[in-house]
Amino acid sequence: MDTADPLTGLAGFAAALRVAGLPADAQRVQAYLAAVGKVDIADPGQLYWAGRLTLCAEPDDLPRYDEAFAAWFTADRPRRRKPGATKPRVVTMAALTDATTGDGQSERDTEELKVAASDAEVLRHRDISELTAVEREHLRELMAALHLAPPLRRSMRLRPHRTGRLDSARILRAMRAAGGETIRLAYKDRTRRPRRVVLLLDVSGSMAPYADALMRFAHAVVRAAPTTTEVFTVGTRLTRLSRQLRKRDPREALSAASRAVPDFAGGTRLGETVRVFLDRWGQRGLARRAVVVVFSDGWERGDAALLGEQLARLRRLAHKVLWVNPHAGRDGYAPVQSGIAVAMPHLDRLLAGHSLATLEELLVEVRRA
């Protein structure tokens, strides 16, 4: 660069960047010149970083910026790590109990990681209602890492595809454009689209020990597929929480959801709330060909016969109906509660939902649908 007239050289460098495809517009060039005015232009390192911080808009711009810098300036640019040389980030979780054995720092770190992994595995199988405050906090971290691959269904409409049935309309259009010659064959087929998932969460008093974990589970599912997942709470009334749980931050989402639920830890009238869901939402399309998951222990204080009727109605609409009962994972459990007894003939499967491991099994079952 000509140090006698640095402004000319810097403007020429910005023009070279625009030719290379970088968004070096007037506003960025002005910021670049202001940054250069505050550094030592004789130092190639400072000059390099002044341009990189002001003239690059996204990570894809960095390689082109480096090449332009090396071609324009005679000084060597600072070395950058190659994309393949970046070390992967390793997420670790602190152990639930103190474990410091051995004299060396590396031995202590290794032992702590082993204890953390062991504690996390044990925590996955613990009953959520029996966890301590510290264990619940660790469970929230694990719950936030859950991911649901949405179930897929075949769409009703035919779309262009590499294989399938011949698309005569596209073939004729191509022949007309080519003067009657058949250049290539075109095909169409039914594609796969995400299937809707509907979660009905029982927030009655008997489900209170599991309410926070199930709400966080619902948030993770909604964040994985926000456009095809719906969440409702059932208790003494029906409340839709899909909009609140679409917030990215779990704390904000759960805080908004808790404010929206007026019957938390109240009674249970599953039959009436399921009927309201079907009348207002399900019959109109929300439950049609969807995977519906009911989270409840089955204690029905209302009319059990009404619940049976509404579940039969739901089963005719939905693709699958799953019932998750936290007590189903305990030894000696029998589905004798009034709600479960009338629901069993209309369910595709009864699952346990008392631990993180059983909730992960639920995700697998939903994906198979």
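Before reading on, note that the structure itself is shown above.
Residues numbered from 1 in each chain as written. Predicted model: local features only at pLDDT ≥ 70, side-chain atom pairs only at ≥ 80, totals over all residues. Heavy atoms only, no water.

Q: Run through the packing of helix α3 (residues 44-55) against helix α4 (residues 61-72), naming residues and quoting values.
A: Between α3 and α4, the shortest axis-to-axis distance is 11 Å and the interhelical angle comes to 140°. Between α3 and α4, the angle is such that the two are oblique. The chirality of how α3 crosses α4 is right-handed. Of the residues in α4, those touching α3 at P44, L47, Y48, G51 and R52 are L62, Y65, D66 and F69. Of the residues belonging to the contact of α3 with α4, the class tally is 6 nonpolar, 1 polar and 2 charged. (Axes fitted to C-alpha atoms, helices over the stretch in contact; angles between N-to-C directions. Helix = DSSP H or I, 4+ residues; strand = E, 2+ residues; numbered from the N terminus. Parallel < 35°, antiparallel > 145°, perpendicular 65-115°, else oblique. Left-handed = near helix turned anticlockwise from the far one by under 90°. Contact = heavy atoms within 4.5 Å. Nonpolar A, V, L, I, M, F, W, Y, C, P; charged D, E, K, R; others polar.)

Q: Explain empty space enclosed by the protein to me, using residue names and the numbers behind them.
A: Applying the stated criterion to the full structure yields 2 cavities of 30 Å³ or more. Computed from the structure, the largest cavity encloses a volume of approximately 50 Å³. Contributing to the lining of the largest cavity are I128, R136, L139, R140, M143, D212, A213 and R216. Of all the elements in the fold, those that place two or more residues in the lining of the largest cavity are α6 (133-144) and α8 (208-224). Element by element, the count of residues in the lining of the largest cavity is highest for α6, at 4 residues. When the residues that make up the lining of the largest cavity are grouped by side-chain class, the tally is 4 nonpolar, no polar and 4 charged. Taken as a whole, the second largest cavity encloses approximately 30 Å³ of empty space. (1 Å grid on protein atoms, 1.4 Å probe; cavity = no way out; pocket = protein on both sides within 12 Å on 5 of 7 lines; lining within 4 Å. Points joined across faces, edges and corners; volume = space filled by probe spheres on them.)

Q: Explain the layout of surface pockets to me, and be specific about the residues and the numbers.
A: A volume near 220 Å³ is recorded for the largest pocket. For the lining of the largest pocket, the secondary-structure elements that each account for two or more residues are α6, α8 and α9 (250-260).

Q: Can you break down the packing of helix α2 (residues 26-36) against α3 residue by residue, with the values?
A: As a packed pair, α2 and α3 sit with axes 9 Å apart at the nearest point and diverge in direction by 150°. When the axes of α2 and α3 are compared, the pair comes out roughly antiparallel. Note that α2 runs across α3; the crossing there is right-handed. Facing R28, V29, A31, Y32, A35 and V36 of α2, the residues of α3 in contact are L47, A50, G51, T54 and L55. Looking at the contact of α2 with α3, its residues break down into 8 nonpolar, 2 polar and 1 charged.

Q: How would you sum up the nonpolar core? Please name residues and give values.
A: Judged by nonpolar contacts, the single largest core of 40 residues is most densely connected at L199, F217, L245, V293, F295 and L362. For this core, the secondary structure elements donating two or more residues are α6, β4 (197-202), α8, α9, β7 (291-295), β8 (320-325) and α13 (356-368). The element best represented in this core is α8, accounting for 9 residues. In this view, L362 contacts F217, V293, F295, L322, V324 and L351; residues no more than four positions away in its chain are not counted. Counting residues in each nonpolar core, the second largest holds 24 residues, with F232, V234, F277 and A287 among its members. (Core = buried A, V, L, I, M, F, W, Y, C linked by side-chain atoms within 4.5 Å. Buried < 20%, exposed > 50% of the residue type's maximum accessible area, 1.4 Å probe, protein only.)

Q: A description of the pattern of salt bridges should follow, citing residues and the corresponding values.
A: Under the definition given, this model contains 16 salt bridges. The partner of D127 in a salt bridge is R330, and the shortest N-O contact between them spans 3.6 Å. Of this pair, D127 sits in the loop between α5 (105-124) and α6 while R330 sits in the loop between β8 and α12 (338-343); the two residues are 203 residues apart in sequence, bridging distant segments of the chain. On the accessibility criterion, R330 (39% relative accessible area) is partly exposed. The closest approach of N and O atoms between R368 and E365, which form a salt bridge, is 3.8 Å. (Salt bridge = Lys/Arg side-chain N within 4 Å of Asp/Glu carboxyl O.)

Q: Outline the pairing of β8, supporting the account with residue identities and numerical values.
A: With 5 of 6 residues buried, β8 is to be regarded as a mostly interior element. Across 5 bridges, β7 lies against β8 in parallel orientation. Bridge pairing links V294 to W323 in β8. Where β8 and strand β9 (residues 349-352) come together, 4 bridges link them in parallel fashion. Following the sheet pairing, V324 is matched in β9 by L351. (Pairing = 2+ DSSP bridges.)

Q: Kindly report on the sheet that holds strand β3 (residues 187-194), identifying the contributing residues and their values.
A: Strands sit in the order β1-β3-β2 across an open sheet of 3 strands; the sheet is antiparallel. Two strands close off the open sheet at either side, each with one partner strand: β1 (152-161) and β2 (165-166). As judged from the 7 bridges shared by β1 and β3, these two strands associate in the antiparallel manner. Of the residues in β3, the one forming a bridge with P160 is K188.

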